[in-house]
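Working through the structure, step by step
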Amino acid sequence: MQEMANSFYYIGAGGLILIGLYMVLAKTNLIKIILGLSFLDTGTHVLLVAIGYVRGRTAPIFSEGMSETTAVVDPVPQALVLTAIVIGVGVLSLALALSIQVYRHYGTLDVRNIRGLKW
Amino acid sequence: MSVIEGILILLMLVAAVATSIFKDLISAVITCAAVSLLASLLFYLLDAPDVAMAEAAIGAGLTTAIFVLAVRKTKRYEE
Amino acid sequence: MRKAIAFLLVATVGAAFYVVLGHIPFGEDKIDVANHYIQNGVRETGAVNIVTSVVVTYRGFDTLGEVTILFIAAVGIGAVLFTEKKARDEEPKQKASLIVQTGTNLLFPFILLTGVYVFIHGHLTPGGGFQGGAVIASGYLLLYLTWPDWRINRRRFNAVESLSGLAFVVLGVLGITYGMGFLANFLPLGTPNTLFSAGIIPIIYIAIGLKVGSELAGIVGNLMERE
């Protein structure tokens, strides 16, 4: 039980990734698929920051009064996740613009009908 | 402290499942914003204030607004 | 049928996660690469926020790539949603109530001020260019919601965005002319924990903050306008 309490974060992040994967695979509305893509992104970010966490240490900012040898958590996953969040919002907005264009052209957002309209 | 973390993670997973179930797309987008907000709280509890600020401003604010604008121009209810 | 295959795939991925993540202990000390950044970061770059010094100085090239990706996304949205005919609504949209208008009039300068504060102090407190830019874009979203007939000045926003991106690349090239390499810190480092420290890091974050703010406001404007 103590071991499971240690890895709550991994269970939560992994669960979010799995829910996002299910929404991308099994849903038929284009907006739901894009919501699943957003969950995949958020789950991966939580997983990365949780891997870089060390117990008993503090945030990686050496403010006034902190000595030079204070123990801090890992700053590299946080920098990578910062970049990834901004890229995620760029990809999501472009995907939504494309789905608006698909709706203008086909009149529906159901992926089964959109594939059927191809020659 | 692990009780608070456990409750927040459980709420996040429940909100994610609710997004997948709702048929009204505006409700689904609002629960997606709830997932982003809870993820931002988890980032703060993991000693990452930069990432928490970025996720709160971008994920819970701008992404929700862009989703609502996109749903407004297409259908509101999923068939 | 489709749902059954999806469940099977998700269960397989879940089992793979369980096997792999079981080998990664949570909360143990596994810092390897970042030891150099933590011990020498404040002395080499002058910024007390280690995440800022990693994003701007040590991994600065990745930030340049990210800014490019955001630019491509903004251009792509403008290109995809382009329509020849101007869709003018017949009935004017309903403005928000008097309370919302007064509140927006009072709040908008403070929102802009908060965004500018966040990206100017990126090397001292948590924050930086991307967070500040997102706050500025949220301020413009508030203006769009309160007065739905108002439009942003497209030329001014494009000019701010292009000039900020150009400033970022010019600062990188200036590092080469000083003989230290692309995006190196060529200004004096100053004393840590003061506003005028850390060389070119605040200047780069000002450029990034203005660029991201005008880009995200332009994206929201594109989605609001073209019907």
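Residues numbered from 1 in each chain as written. Chains lettered and ligands numbered in written order. Predicted model: local features only at pLDDT ≥ 70, side-chain atom pairs only at ≥ 80, totals over all residues.

**Thoughts on the overall build of chain A**
Across its full length, chain A carries five helices and zero strands. Scanning chain A from its N terminus toward the C terminus, one meets helices and strands in the order α-α-α-α-α. Over its C-alpha atoms chain A spans a radius of gyration of 20 Å, topping by over 25% the 14 Å that the globule rule assigns to 119 residues. Taking the principal axes of the C-alpha coordinates as reference, chain A spans close to 65 × 40 × 20 Å. Scored against the burial criterion, the 119 residues of chain A give a buried share of 50%. (Helix = DSSP H or I, 4+ residues; strand = E, 2+ residues; numbered from the N terminus. Rg over C-alpha atoms; globule rule 2.2 N^0.38 Å. Buried ≥ 20, exposed ≤ 12 C-beta atoms within 10 Å, placed from the backbone.)

**A short note on the packing of helix H3 (residues 30-51) of chain A against helix H2 (residues 25-45) of chain B**
Where H3 of chain A contacts H2 of chain B, the two axes come as close as 11 Å, and the packing angle between them is 5°. Overall, the two elements H3 of chain A and H2 of chain B adopt an arrangement that is roughly parallel. On H2 of chain B, the residues touching Ile 31, Lys 32, Leu 35, Ser 38, Phe 39, Thr 42, Val 46 and Val 49 of chain A of H3 of chain A are Leu 25, Ala 28, Cys 32, Val 35, Ser 36, Ala 39, Leu 42 and Phe 43 of chain B. Class assignment of the residues belonging to the contact of H3 of chain A with H2 of chain B gives a composition of 12 nonpolar, three polar and one charged. (Axes fitted to C-alpha atoms, helices over the stretch in contact; angles between N-to-C directions. Parallel < 35°, antiparallel > 145°, perpendicular 65-115°, else oblique. Contact = placed C-beta atoms within 7 Å. Nonpolar A, V, L, I, M, F, W, Y, C, P; charged D, E, K, R; others polar.)

**Thoughts on the interface of chain B and chain C**
Across the boundary between the two partners, chain B contributes 12 residues, which contact 15 residues of chain C. Looking at side-chain class alone, the side of chain B that touches chain C contains 10 nonpolar, one polar and one charged residues.

**Here's the deal with the confidence of the model for chain C**
Residues and elements named next belong to chain C. In the predicted model, chain C carries a mean pLDDT of 87, and the fraction of residues at 70 or more is 95%. Across chain C, the element-wise mean pLDDT spans from 85 in helix H2 (residues 34-45) up to 93 in helix H5 (residues 98-120). Note on the complex model: pTM 0.92, ipTM 0.92. (pLDDT = per-residue confidence, 0-100.)

**Side note on the interface of chain A and chain C**
With 38 residues of chain A at the contact, the number on the chain C side is 40 residues. If you list the elements that add at least two residues to the side of chain A that touches chain C, you get helix H2 (8-26), H3 and helix H4 (76-106) of chain A. Here the element with the most residues in the side of chain A that touches chain C is H4 of chain A; it accounts for 15 residues. For the side of chain A that touches chain C, the class distribution of residues is 26 nonpolar, nine polar and three charged.

**Quick notes on the environment of Met 12 of chain B**
Residues and elements named next belong to chain B. You can see Met 12 is positioned in helix H1 (residues 2-21). By the C-beta count within 10 Å, which is 25 here, Met 12 ends up buried. Along the chain, Met 12 and Ala 39 lie 27 residues apart, while their C-alpha atoms are 7.4 Å from each other.

**Re H5 of chain C**
All names here are of chain C. Along its 23 residues, H5 runs 34 Å from first to last C-alpha, staying within 8% of the 33 Å computed at 1.5 Å per residue. Along H5, the sharpest change in direction is near 35° and occurs at Leu 107; proline Pro 109 comes one to four residues later. Listed in full, the buried residues belonging to H5 are Gly 115, Val 118 and Phe 119. If you follow the buried residues of H5, they end up packed against helix H6 (129-146) and helix H8 (201-225). (Expected span 1.5 Å × (residues − 1). Bend = angle between axes of the 7 residues up to and from the residue.)

**Some remarks on H2 of chain A**
The end-to-end C-alpha separation of H2 of chain A is 27 Å, in line with the 27 Å expected for 19 residues at 1.5 Å each. With 14 of 19 residues buried, H2 of chain A lies mostly within the body of the structure.

**Focus on the packing of H6 of chain C against H8 of chain C**
All names here are of chain C. Contact pair H6 / H8: the axes reach a minimum separation of 7 Å and the direction vectors enclose 35°. The two elements H6 and H8 cross, and the hand of that crossing is right-handed. Touching Gly 129, Phe 130, Gly 132, Gly 133, Ala 134, Ile 136, Ala 137, Tyr 140, Leu 141 and Tyr 144 of H6 are Tyr 205, Ile 208, Gly 209, Val 212, Gly 213, Leu 216, Ala 217, Val 220 and Met 224, all from H8. For the contact of H6 with H8, the per-class residue count stands at 14 nonpolar, five polar and no charged. (Left-handed = near helix turned anticlockwise from the far one by under 90°.)

**What to know about unusual backbone geometry**
All names here are of chain B. Of note, Asp 47 is a non-glycine position whose phi angle comes to about 60°, a positive value. When you line up the elements, Asp 47 lands in the loop between H2 and helix H3 (49-73). In this structure Asp 47 comes out as buried when scored by C-beta crowding, with 22 C-beta atoms within 10 Å.

**A word on the environment of Glu 215 of chain C**
All names here are of chain C. Relative to the elements of secondary structure, Glu 215 occurs in helix H8. Note: C-alpha distance between Glu 215 and Val 48 (167 residues apart in sequence) is 28 Å. Excluding residues that lie within four positions of it along the chain, Glu 215 makes contacts with Leu 70, Phe 71, Ala 74 and Glu 161.

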